[in-house]
There are 2 protein chains.
Amino acid sequence: MATISDVAKLAKVSVATVSRFLNDSGYVGTKSRESIENAIKELNYVPSEVARSLSTKQSDIIGLIIPDIKNPFFPELARAVEDTAFEYGYTVILCNSDENAMKEKHYLEKLTKKYVAGIILTSIIEQENHWQNVKLPIVALDRPIDSKVATVTTNNQKGAELATSYLLECGAKNLLCISGPKNMTSSQTRIEGFKAALHRNGVDAHIIESPYDFEIAEKILYDYLKANPSIDGIFACSDASAIGALKAAHRLKLRIPEDIQIVGFDGIQVGNVVTPSLTTVAQNIYLLGQTAAELLIKQIEGQKLAQESICIDPELIIRETTRKERSE
Amino acid sequence: MATISDVAKLAKVSVATVSRFLNDSGYVGTKSRESIENAIKELNYVPSEVARSLSTKQSDIIGLIIPDIKNPFFPELARAVEDTAFEYGYTVILCNSDENAMKEKHYLEKLTKKYVAGIILTSIIEQENHWQNVKLPIVALDRPIDSKVATVTTNNQKGAELATSYLLECGAKNLLCISGPKNMTSSQTRIEGFKAALHRNGVDAHIIESPYDFEIAEKILYDYLKANPSIDGIFACSDASAIGALKAAHRLKLRIPEDIQIVGFDGIQVGNVVTPSLTTVAQNIYLLGQTAAELLIKQIEGQKLAQESICIDPELIIRETTRKERSE
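Residues numbered from 1 in each chain as written. Chains lettered and ligands numbered in written order. Predicted model: local features only at pLDDT ≥ 70, side-chain atom pairs only at ≥ 80, totals over all residues. Heavy atoms only, no water.

### Description of the relation of the copies chain A and chain B
One copy of the chain maps onto the second through a rotation about an axis and a displacement along it. When chain A is fitted to chain B, the residual RMSD is 0.2 Å, and the transformation amounts to a turn of 180 degrees plus an axial shift of 0.0 Å. The operation mapping one copy onto its partner corresponds to a two-fold rotation axis. Among all C-alpha atoms of chain A, that of A:Ile93 lies closest to the rotation axis, at 2.1 Å. (Least-squares fit on C-alpha atoms with pLDDT ≥ 70 in both.)

See below:
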């Protein structure tokens, strides 16, 4: 007897889409609708109770708690979560925590008490453990909170090693690493990658701290580069601080990439718009959000996770803030 | 006898905050909590049933339907809506419509049927009228949908006149206006403002159309500026197309602002990051979102609106893509 999976396969849509079609419980495009109808006829499929129950879950709302949607990293992440939720018939409540422990706790309590089926959390607050009271499925996104909680992150160490090695290959001799705030695990891991790449090359380097903010980074870097004119290569733990460095270098009349080379981290759109355009370690931001939403929905729908922790490789995108040819 | 407003006044917080405190129905900061407790003691305030009922509304979720959170205009708007909702004890469901009539209809139906108290809608689809079936409070944000629906917009005509007059004052003689998609009212109103300013000065000009997208605008402008080298001033109906024009001018080795001046529209953050930084008509994006959320919550809570339609003035921000001194 044909199953819902057979219908999905023949119609070339997801099982969730067939489920929504059968239960009239969410959007199904005209083309998918036709394909499903044809597949049902062809396979002589009769919906079972199991197929119907796929959509009888109590709540179809996902809570997404992020620091700030205005931070250029998060719109694409939120978009990916919402697209994936939409595909499976869920909607998304957006909460900005401002990296404030009280606000994060408030949202966790409010969402849990009232209406959500699960929560995706990007938390900076590692010393807190509000989430331990949450009795719903939860996925940590971008920033791990506990080994027992399903987690989706970028391979930050590998990304930092890629960036640093490339700066060295392009002839940079005096490297500066711009780290993020001390309490961010991802920034710490990127510094480790930076150091590992340097260590293999026997080079020493400077490390300074800056928030992930264009304007503050520009001020910090202006002073630092002025006082340390020998620096000829920068690895920044975020594109925001890399762009701040680029603006500071402009103001100091340093030529990029001739006098100083810069590599960022994140892959936000504005890196492609600045002049010269920014060489960066691009996270697969969309895939991060999509994977987190899929992990959460699987848990909500009672499926077993094959992997509790997923680490996604970033990619070095070479643009104009590094020298094209490798120096010998 | 003291009222909830007296408590709010003395404690220097909003009535909504006192209500949340009394009903234990949402986040109240430690400092506000203390102030409220002191005010209650000092005024010998006894909560009335009316005060309590402020929080007995059925749903405390607001639906926000926008085209795409990845469009740099919308993160700040969404943030303002969420901040305001948070202040009043509401949460926000984020929906991306992709300017797709089917998706917009799906979300309006889903949100209305299931769980929201009201909807904020940025709709491009003027020929559609899905929203007429919505029996809940609704606010049109950025793009008007009907004179009967409460609306919050920017004064687009005035903004375009400001930009165009300034280009003329700075000595531009051959002006080009980059419009947005034809079906966007806001873009049409900006073109009217552009024409009105020109008309007063007896100048003629070119108008071309481009989507609000950096890369597509760059391609369109590269070809257009190459074919029309006499153009020395551009008013773009969005910062995205202005930045596309800036990149195209760079590629054509035109000096900005010496050979060509550019003014954008929107005031998104990236305009401040490009080189040279972009002169633009900045919308008060945060105030737009905040005002829309307040108008919606007033309707949800049964208050009468003093104004059904609010038009917010934009501001000309002068940066580096226009000449500093006025030519004579």
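### Quick word on the environment of B:Ala292
Tracing the sequence through the fold places B:Ala292 in helix 11 (residues 285-300). The residues contacting B:Ala292, other than those within four sequence positions of it, are B:Ile120, B:Val139, B:Leu141 and B:Val152. (Helix = DSSP H or I, 4+ residues; strand = E, 2+ residues; numbered from the N terminus. Contact = heavy atoms within 4.5 Å.)

### Considerations on the sheet that holds strand 12 (residues 315-317) of chain A
Across a sheet, paired strands are connected by hydrogen bonds in the backbone, their directions being either parallel or antiparallel. Residue and element names in this part refer to chain A. On the basis of which strands lie adjacent, the open sheet formed by 6 strands has the order 7-6-8-9-10-12 and mixed pairing. Among the strands making up the open sheet, the edge pair consists of strand 7 (205-209) and strand 12. On average, adjacent strands in this sheet sit at an angle of 20 degrees to one another, irrespective of strand direction. Helix 9 (residues 214-227) contacts strand 6 (175-179), strand 7 and strand 8 (233-236) of the sheet and is inclined by roughly 150 degrees relative to strand 7. Where helix 10 (residues 239-251) meets the sheet, its contacts fall on strand 6, strand 8, strand 9 (261-266) and strand 10 (279-282), and the angle it forms with strand 9 comes to roughly 155 degrees. (Pairing = 2+ DSSP bridges. Axes fitted to C-alpha atoms, helices over the stretch in contact; angles between N-to-C directions.)

### Considerations on the pairing of strand 8 (residues 233-236) of chain B
Residue and element names in this part refer to chain B. Alternating residues of strand 8 divide into Gly233 and Phe235 and Ile234 and Ala236, and every residue in both groups is buried. Pairing of strand 6 (residues 175-179) with strand 8, which is carried by 4 bridges, proceeds in the parallel orientation. Within strand 8, the position partnered with Leu176 by the bridge is Ile234. Where strand 8 lies against strand 9 (residues 261-266), 3 bridges are found, and the strand directions are parallel. When the sheet's bridge partners are listed, Phe235 is paired in strand 9 with Val263. Running through helix 10 (residues 239-251), the crossover from strand 8 to the neighbouring parallel element strand 9 is right-handed. (Buried < 20%, exposed > 50% of the residue type's maximum accessible area, 1.4 Å probe, protein only. Right-handed = clockwise from strand over helix to strand, strands pointing away.)

### Some thoughts on the interface of chain A and chain B
At the junction of the two partners, chain A supplies 41 residues and chain B supplies 41 residues. Ranking the residues of chain A by area buried against chain B places A:Tyr27, A:Arg79 and A:Val273 at the top, with a combined share of 16%. Our count for the contact surface shared by chain A and chain B stands at 6 salt bridges. Between B:Arg79 and A:Asp98 there is a salt bridge, with the nearest N and O atoms lying 2.6 Å from each other. Linking chain A with chain B are 18 residue pairs in polar contact (both at pLDDT 80 or more), by the criterion used here. Listing elements by their share of the side of chain A that touches chain B, those giving two or more residues are helix 5 (74-87), strand 2 (91-96), helix 6 (101-114), helix 9 and helix 10 of chain A. With 3 bridges joining them, strand 2 of chain A and strand 2 (residues 91-96) of chain B adopt antiparallel strand pairing. Note that in strand 2 of chain B the partner of A:Val92 across the bridge is B:Leu94. (Buried area = accessible area lost by both parts, 1.4 Å probe. Salt bridge = Lys/Arg side-chain N within 4 Å of Asp/Glu carboxyl O. Polar contact = N/O pair within 3.5 Å; in protein donor to acceptor, adjacent residues only side chain to side chain.)

### Let's talk about the domain arrangement of chain A
Residue and element names in this part refer to chain A. Taken domain by domain, chain A comprises domain 1 (4-53), domain 2 (61-154 + 285-312) and domain 3 (156-282). If you average the C-alpha positions of domain 1 and of domain 2, the two centres end up 28 Å apart. At the junction of the two partners, domain 1 supplies 5 residues and domain 2 supplies 4 residues. Summing both sides of the interface, domain 1 and domain 2 together bury roughly 370 Å²; the carbon and sulfur share of this comes to 56%. For the domain 1 face of the interface with domain 2, the top three residues by lost area are Ala16, Arg20 and Tyr27, together amounting to 77%. Viewed at the interface, domain 2 and domain 1 are joined by 0 salt bridges. Among the residues making up the side of domain 1 that touches domain 2, the classes are represented as 2 nonpolar, 2 polar and 1 charged. (Domains from an automatic or database assignment. Nonpolar A, V, L, I, M, F, W, Y, C, P; charged D, E, K, R; others polar.)

### What about the packing of helix 5 (residues 74-87) of chain B against helix 11 of chain B?
All names here are of chain B. Helix 11 packs onto helix 5 with a crossing angle of 40 degrees between their chain directions and a minimal axis gap of 7 Å. The pairing of helix 5 with helix 11 is recorded here as oblique in orientation. Along this stretch, helix 5 crosses helix 11, giving a crossing that reads as right-handed. Contact residues: Glu76, Leu77, Arg79, Ala80, Val81, Asp83, Thr84 and Ala85 in helix 5; Ile285, Tyr286, Leu288, Gly289, Gln290, Ala293, Glu294 and Ile297 in helix 11. (Parallel < 35°, antiparallel > 145°, perpendicular 65-115°, else oblique. Left-handed = near helix turned anticlockwise from the far one by under 90°.)

### Section: the environment of A:Ser123
All names here are of chain A. Of note, Ser123 is situated in the loop between strand 3 (118-121) and strand 4 (138-141). The spatial distance from the C-alpha of Ser123 to the C-alpha of Asp146 is 11 Å, given a sequence separation of 23 residues. Residue contacts for Ser123: discarding those within four places in its chain leaves Glu104, Arg143 and Ile145.

### With respect to unusual backbone geometry
Omega for the peptide link from A:Thr275 to A:Pro276 comes to -10 degrees, which places this bond in the cis form. Among the structural elements, A:Pro276 can be located in the loop between strand 9 and strand 10. The peptide bond linking B:Ile256 to B:Pro257 adopts the cis configuration, its omega dihedral lying at 5 degrees. Inspection of the secondary structure assignment puts B:Pro257 in the loop between helix 10 and strand 9. Even without being a glycine, A:Lys12 presents a positive backbone phi close to 55 degrees. Within the secondary structure, A:Lys12 sits in the loop between helix 1 (4-11) and helix 2 (15-23). The phi dihedral of B:Asp266 falls on the positive side, at around 140 degrees, and the residue is not glycine. Following the sequence through the fold, B:Asp266 ends up in strand 9. We classify B:Asp266 as buried; its relative accessible area is 10%.

### Notes on the packing of aromatic side chains
For the structure on display, the rule yields 8 aromatic pairs over all chains. Between B:Phe73 and B:Phe74, the ring centres sit 5.2 Å apart and the planes meet at 85 degrees, which makes this aromatic pair edge-to-face. A single burial state applies to B:Phe73 and to B:Phe74, both of which are buried. Both rings, one in B:Phe235 and one in B:Phe265, keep their centres 6.3 Å apart while their planes meet at 65 degrees; by these two values the pair is edge-to-face. Taken together, the residues span a long stretch of sequence, with B:Phe235 in strand 8 and B:Phe265 in strand 9 at a distance of 30 residues. An aromatic cluster of three or more residues is present, and its members are A:Phe194, A:Phe235 and A:Phe265. Across from the ring centre of B:Phe86, 4.5 Å away, lies the NZ or CZ of A:Lys103, which sits over that ring. The ring of A:Phe265 carries the charged tip of A:Arg190 above its face, separated from the ring centre by 3.9 Å. (Phe/Tyr/Trp six-rings, centres within 6.5 Å; stacked < 30°, edge-to-face > 60°. Lys NZ or Arg CZ within 6 Å of the ring centre and 35° of its normal.)

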